[in-house]
Amino acid sequence: MKTIQPGILAAVPPLARHLTFTLAAEAGPGPALERLAKSVDPGRTVVGIGRSTALALGCHVDGLRDFPSGAGRGLEIPATPGALWCWLRGEDRGELVHRSRSLEALIGPAFRLDAVVDAFMHDGGRDLTGYEDGTENPTGGKAVVAASLSGAGPGLDGSSFAALQRWVHDFEAFDALGRDEQDLSVGRRRSDNDEIEDAPESAHVKRTAQESFSPEAFVLRRSMPWAEGTRAGLVFLAFGRSFDAFEAQLGRMTGLDDGITDSLFRFTRPVTGAYYWCPPVADGRLDLRALGLR
Ligand code: HEM
């Protein structure tokens, strides 16, 4: 049976680690990826393949493209592509450290660890600004439809396209807004999570309202806060059956359609941005057939 990697559909875990790898020029990625497919549990570790890895294997995965960097009024959307991304889900930080080490050893020297971001659940699923995150996520069968490919054939059906961005919050700027402006920036009230009907067009949930796009732009978000030293923010993570829905939302946030930028930019900025293709699972393990691997 072919399915989406179960870690994508599972609820946001208490703790997680995002590992991003680059590809060593001298080594082909094939054997390392086959080792990874053999040993990884896709319920606990979600794996995403970067375009450079597919290209190194001489493969083209339909729909896997470059992350769209760009600029809006006074803001930048950076692209920081990676060859491989592993999202380790867990409950114990030490266990995540050791799993990262084993994984690094397993796929080296072909893949070199480039960045590690530790993420965590805050207050039952809130962003560090205190707002509930994930409310409008599709659930059940709708989550599967939003997040995974179907009708594309063996090796592709059940795969998912992941958009990953690390955002850094400016808490002083956020605090300076005051509660009412904060609520209007998000478009929901922090106190009860109710949507504010007459929020301005710049409000985040107005910019991204999934049903307001044509076609509708549903994604499955699995974002989590991160913190390191005095810096902190959100690791934004969205899974789609393609990158189209995410790109439509991001385009609106940056004011591509109407010049109105998302009010979130008043207090947070993305510092990374990458796209990954998450292969499907067949009989409990990663199915790398689309990459010509077993
Ligand atoms: C630091 C960055 C971000 C923060 C703090 C944030 C926070 C939130 C919050 C609090 C909500 C309301 C509750 C919910 O439905 O989840 C929300 C909704 C949403 N966000 Fe974000 N978000 C961020 C970035 C993004 C980005 C980059 C995108 C996509 C490009 C995005 C897409 C969405 C979507 C699709 C919704 C649901 C809209 C709806 O259908 O009502 N968010 N976000």
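Not measured: the values here are computed from a predicted model. (Residues numbered from 1 in each chain as written. Predicted model: local features only at pLDDT ≥ 70, side-chain atom pairs only at ≥ 80, totals over all residues. Heavy atoms only, no water.)

The local shell around the ligand holds 26 residues, among which Gly134, Glu136, His204, Gln210 and Arg221 are the closest. Take Thr135: an N or O atom from its main chain is 3.1 Å from an oxygen atom of the ligand. Glu136 places a polar main-chain atom, nitrogen or oxygen, 2.9 Å from an oxygen atom of the ligand. Those elements that provide at least two residues to the shell around the ligand are strand 8 (160-169), helix 7 (204-208), strand 11 (231-240) and helix 8 (244-253). Sorting elements by how many residues they give to the shell around the ligand places helix 8 first, with four residues. Residues that form the shell around the ligand fall into these classes: eleven nonpolar, nine polar and six charged. (Near = heavy atom within 4 Å. Polar contact = N/O pair within 3.5 Å; in protein donor to acceptor, adjacent residues only side chain to side chain. Helix = DSSP H or I, 4+ residues; strand = E, 2+ residues; numbered from the N terminus. Nonpolar A, V, L, I, M, F, W, Y, C, P; charged D, E, K, R; others polar.)

Another aspect to go through is the coordination of the iron atom of the ligand. Protein coordination of the iron atom of the ligand is limited to a single donor, His204 (NE2), positioned at 2.0 Å. When you line up the elements, His204 lands in helix 7. (Donors = N, O, S within 2.8 Å, 3.2 Å for Na, K, Ca; no water.)

Evaluated as defined, the whole model comprises twelve aromatic pairs. Taking the centre distance of 6.5 Å and the plane angle of 85° together, the rings of Tyr131 and Phe174 count as edge-to-face. Highlighted residues: Tyr131 in the loop between strand 7 (111-120) and helix 5 (140-147) and Phe174 in helix 6 (residues 171-186), separated in sequence by 43 residues. Judged by its relative accessible area of 5%, Tyr131 falls in the buried class. (Phe/Tyr/Trp six-rings, centres within 6.5 Å; stacked < 30°, edge-to-face > 60°. Buried < 20%, exposed > 50% of the residue type's maximum accessible area, 1.4 Å probe, protein only.)

With that out of the way, let us pick up helix 6. Its 16 residues give helix 6 an end-to-end C-alpha distance of only 15 Å, which falls more than 12% under 22 Å, the value for a rise of 1.5 Å per residue. Along helix 6, the helix axis deviates most sharply at Gly178, where the bend reaches about 110°. If you follow the buried residues of helix 6, they end up packed against helix 7. Backbone nitrogen of Glu172 and a side-chain oxygen of the N-cap are separated by 3.2 Å at the start of helix 6; the cap is Asp170. One or two positions beyond helix 6, positive phi appears at Gly187, with a value near 95°. (Expected span 1.5 Å × (residues − 1). Bend = angle between axes of the 7 residues up to and from the residue. Contact = heavy atoms within 4.5 Å.)

Before going further, it helps to examine the packing of helix 2 (residues 30-39) against helix 4 (residues 93-107). Interhelical geometry of helix 2 versus helix 4 gives an angle of 140° and a closest axis separation of 8 Å. When the interaxial angle is binned, helix 2 and helix 4 end up oblique. The residues of helix 4 that touch helix 2, namely those facing Ala32, Arg35, Leu36 and Ser39, are Leu103, Leu106 and Ile107. (Axes fitted to C-alpha atoms, helices over the stretch in contact; angles between N-to-C directions. Parallel < 35°, antiparallel > 145°, perpendicular 65-115°, else oblique.)

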